[in-house]
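These are the residues of each chain, in order.
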Amino acid sequence: MRPDVPSTVARSDDKAVRTYKKTLESAEETYGDGERAHRTAFASLKHTHEKVGDHWEPKEHPGPSDPQAELGTPASSSRPRDTAQGVDANASKGHLDEVARKVGIARPQDMAKDDLVRAIEKANARATSRARRRS
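Summarised in this report is the structure supplied together with it.

Conventions used here
- Residues numbered from 1 in each chain as written.
- Predicted model: local features only at pLDDT ≥ 70, side-chain atom pairs only at ≥ 80, totals over all residues.
- Heavy atoms only, no water.
- Core = buried A, V, L, I, M, F, W, Y, C linked by side-chain atoms within 4.5 Å.
- Buried < 20%, exposed > 50% of the residue type's maximum accessible area, 1.4 Å probe, protein only.
- Helix = DSSP H or I, 4+ residues; strand = E, 2+ residues; numbered from the N terminus.
- Contact = heavy atoms within 4.5 Å.
- Expected span 1.5 Å × (residues − 1).
- Arc of directions from axis to C-beta.

1. Some details on the nonpolar core
By size, the foremost hydrophobic cluster in this structure holds 15 residues, and its most contacted members are Val87, Leu96, Ile105, Val117 and Ile120. At the level of elements, helix H6 (93–102) and helix H7 (113–134) are the ones that each hand at least two residues to this core. Tallying contributions element by element places H7 first for this core, with 5 residues. Excluding its chain neighbours within four sequence positions, the residues that come into contact with Val87 are Ser65, Leu96, Val117, Ile120, Glu121 and Asn124. Formed by 12 residues, the second largest nonpolar core is a distinct cluster that contains Ala16, Val17, Ala27 and Ala37.

Rendered as structure tokens:
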């Protein structure tokens, strides 16, 4: 395991680790070592990767993953909205159906897109919790 990054990032591909670490280093120079630097690193990671279960996988198309990410800074801090917690809410319904099947959601094709995003968020949280207990 890679001890210098969060566990979900450590279980991901090398590009995800590099993206997180490089952004974190830059953010720490700007904001200092703290929550803001880590939020910045995760925001950068969410532009290139999406959370699938207990790890991050490359997105089909880079870009913001939810309405909060679309705001950018400083607007995102002055007008906070719910995030999709790493789920690429801007992806197509077909892509979300595939991700849902990967994380064990039955019959995702019968769900509305917003409901599907929330179900994937919950499945990801459960998978991350299980993985952390195993470690």
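Back to the text.
2. Points about helix H2 (residues 14–31)
Taking 1.5 Å per residue, 18 residues should reach 26 Å; H2 reaches 25 Å between its end C-alpha atoms and fits that length. Within the span of H2, buried status applies to Ala16, Val17, Thr19, Tyr20, Thr23, Leu24 and Ala27. End-on view of H2: buried residues confined to an arc of 160°, all on one side of the axis. In H2, the exposed residues that point more than 90 degrees away from the buried face are Lys22 and Glu29. Turning to H2, the residues buried within the fold contact helix H1 (7–10), helix H3 (35–48) and strand S1 (49–52). Two residues or fewer after H2 comes Gly32, characterised by a positive phi angle close to 90°.

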